[in-house]
Amino acid sequence: MRPFEYARAGNVSEAGQLAGRFIAGGTNLLDLMKLEVETPEKLVDITRLPLREIVETEDGGLRIGALVTNSDLAAEPRIRRDYEVLSRALLAGASGQLRNKATTGGNLLQRTRCSYFYETSQPCNKREPGSGCGAIGGFNRIHAILGASDKCIATHPSDMAVAMRLLDAVVETLKADGSSREISVGEFYRLPGETPQVETVLEQGELITAVRLPKPLSGEHRYRKVRDRASYAFALVSVAAVVRMDGGRIAEARLAFGGLAHMPWRDAAVEDALVGEAPSMALFDKAADILLAEAKRQGENDFKIPLARRTLKAVLADATKGA
């Protein structure tokens, strides 16, 4: 562990001005510091800021403070009742102990679990730009099949972010200069392209203060996570879905995917192909064809393509079985 300066933010406006790396639950950052993957010169403790409330918004949604823990959010009655897909996704992540510490803002910002990113003796463009991507041609079983580049094929590890992407959640932030902005989760993350080290659109010193959910979606909520073991494992493939039926046909379908890309993945063409149709395996195959049309194999992760197809079909079949 390298020496670092420590400061505690007294209020929200002061946090960004302290010019350091924010720390709340620390469930990811501390591991990265121990391995010297990240070596911040200054940590800014934000745990005492008043960002732990869940309040209703005027449009019928919810505003979730950035410091609300994953456990509290998953157990919140309004989340369990109106945003079941989010509660399911949260409970599929990590372990009970980690969910007790992990925060809503921190969960969105957790970093990839690519083994080359964590091993400082190996090349990784995300950790050391220009050094190369060891996963390309290397051990890439958990890596991306969509949206990757020749600079990085890592995946985003968050379950919560997948559900937030499906729900069209909005991230509220405060910049170091005191100005605020709102960013949809769909625009919050960046694909790797030529700069995989730049993972979000946040600026230096910009603090996540809350995540806002729009009014609830009616329909069947599902979250299915396929992983190597039943708990405390990251998704090989995950599917979040909200499907609403009307007259035996799919009236609305929202789908988001984890484990497939550098960010929570959503493809409007997949959803559009389902709307207005009667559910059938042929229809679900068509949706999977659209989703995976540009999937790129890397060798050890080839199995993700048929796995994503089967998982999507199973989720859709389950969500429409009463039709």
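A brief structural summary. If you're wondering where the values come from, they're calculated on a predicted model, not measured in any experiment. (Residues numbered from 1 in each chain as written. Predicted model: local features only at pLDDT ≥ 70, side-chain atom pairs only at ≥ 80, totals over all residues. Heavy atoms only, no water.)

### A short note on empty space enclosed by the protein
Right, on to step 1. A complete count under the given rule lists three cavities of 30 Å³ or more for this structure.
Right, on to step 2. Estimates place the volume of the largest cavity at around 80 Å³.
Right, on to step 3. The class makeup of the residues in the lining of the largest cavity is ten nonpolar, three polar and two charged.
Right, on to step 4. When its volume is computed, the second largest cavity comes out at roughly 70 Å³.
Right, on to step 5. For the lining of the second largest cavity, the residue count by class is two nonpolar, five polar and three charged. (1 Å grid on protein atoms, 1.4 Å probe; cavity = no way out; pocket = protein on both sides within 12 Å on 5 of 7 lines; lining within 4 Å. Points joined across faces, edges and corners; volume = space filled by probe spheres on them. Nonpolar A, V, L, I, M, F, W, Y, C, P; charged D, E, K, R; others polar.)

### Notes on the sheet that holds strand β7 (residues 180–184)
Right, on to step 1. Taken together, five strands build an open sheet; the order of strands is β4-β5-β8-β6-β7 and the sheet is antiparallel. Each having just a single partner strand, β4 (54–56) and β7 make up the two edges of the open sheet. Each strand axis lies, on average, 25° off the axis of its neighbour in the sheet, ignoring direction.
Right, on to step 2. When strand β6 (residues 170–174) meets β7, the two strands line up antiparallel, connected through five bridges. Residue pairing across strands places Val 171 opposite Ile 183, the latter belonging to β7. (Pairing = 2+ DSSP bridges. Helix = DSSP H or I, 4+ residues; strand = E, 2+ residues; numbered from the N terminus. Axes fitted to C-alpha atoms, helices over the stretch in contact; angles between N-to-C directions.)

### A closer look at helix α12 (residues 281–291)
Right, on to step 1. Of the residues making up α12, those classed as buried are Leu 283, Phe 284, Ala 287, Ala 288 and Leu 291. Burial along α12 is one-sided: seen end-on, the buried residues are contained in an arc of 140°.
Right, on to step 2. The inward-facing, buried residues of α12 contact β11 (249–258), α11 (268–274) and α13 (304–319). (Buried < 20%, exposed > 50% of the residue type's maximum accessible area, 1.4 Å probe, protein only. Arc of directions from axis to C-beta. Contact = heavy atoms within 4.5 Å.)

### Overview of the packing of aromatic side chains
Right, on to step 1. Taken as a whole and judged by the stated rule, the model has two aromatic pairs.
Right, on to step 2. When the centroid spacing of 5.7 Å and the interplanar angle of 80° are considered together, the rings of Phe 117 and Tyr 118 count as edge-to-face.
Right, on to step 3. Centroid distance Phe 188 to Tyr 189: 5.0 Å. Interplanar angle 90°. Geometry classified as edge-to-face. (Phe/Tyr/Trp six-rings, centres within 6.5 Å; stacked < 30°, edge-to-face > 60°.)

### Some remarks on the layout of surface pockets
Right, on to step 1. For the second largest pocket, the calculated volume is near 240 Å³.
Right, on to step 2. Residue lining of the second largest pocket: 17 residues in total, with Ile 145, Leu 146, Gly 147, Ala 148 and Glu 294 positioned closest to the centre.
Right, on to step 3. Per-class residue counts for the lining of the second largest pocket are ten nonpolar, three polar and four charged.

### A short note on the environment of Ala 235
Right, on to step 1. Here Ala 235 lies in the loop between β9 (220–226) and β10 (237–246).
Right, on to step 2. Separated by 38 residues in the primary sequence, Ala 235 and Gln 197 have C-alpha atoms spaced 22 Å apart.
Right, on to step 3. Excluding residues that lie within four positions of it along the chain, Ala 235 makes contacts with Asp 159, Lys 225, Val 226 and Gly 259.

### Here's the deal with the environment of Arg 127
Right, on to step 1. By the element assignment, Arg 127 lies in the loop between α8 (115–118) and α9 (160–166).
Right, on to step 2. For Arg 127, a relative accessible area of 17% puts it in the buried group.
Right, on to step 3. On a C-alpha basis, the gap between Arg 127 and Glu 38 in space is 8.2 Å, while along the polypeptide they are 89 residues apart.
Right, on to step 4. Arg 127 has contacts with Val 37, Tyr 116, Phe 117, Glu 119, Thr 120 and Gln 122, leaving out every residue within four places of it along the chain.
Right, on to step 5. Within the structure, the side chain of Arg 127 is placed 2.7 Å from the backbone oxygen of Tyr 116, a separation counted as a polar contact.
Right, on to step 6. Engagement of the side chain of Arg 127 in a polar contact is seen with the backbone oxygen of Gln 122, the distance being 2.5 Å. (Polar contact = N/O pair within 3.5 Å; in protein donor to acceptor, adjacent residues only side chain to side chain.)

### Re the pattern of salt bridges
Right, on to step 1. Taken as a whole and assessed by the stated rule, the structure comprises 31 salt bridges.
Right, on to step 2. With its nearest N and O atoms 2.9 Å apart, the salt bridge here joins Asp 168 to Arg 254. A residue pair is termed long-range when its members are at least 10 positions apart, and Asp 168 in the loop between α9 and β6 and Arg 254 in strand β11 qualify at 86 residues.
Right, on to step 3. Across the pair Arg 309 and Asp 289 runs a salt bridge, and its minimum N-O distance is 2.6 Å. Here Arg 309, found in helix α13, pairs with Asp 289, found in helix α12; they are 20 residues apart in sequence, far enough to count as distant.
Right, on to step 4. When its relative accessible area of 23% is taken as the criterion, Arg 309 is described as partly exposed.
Right, on to step 5. Since its relative accessible area comes to 43%, Asp 289 is described here as partly exposed.
Right, on to step 6. In the salt-bridge network here, residues are joined through shared partners; they are Arg 165, Asp 168, Arg 244, Glu 252, Arg 254, Arg 266 and Glu 271. (Salt bridge = Lys/Arg side-chain N within 4 Å of Asp/Glu carboxyl O.)

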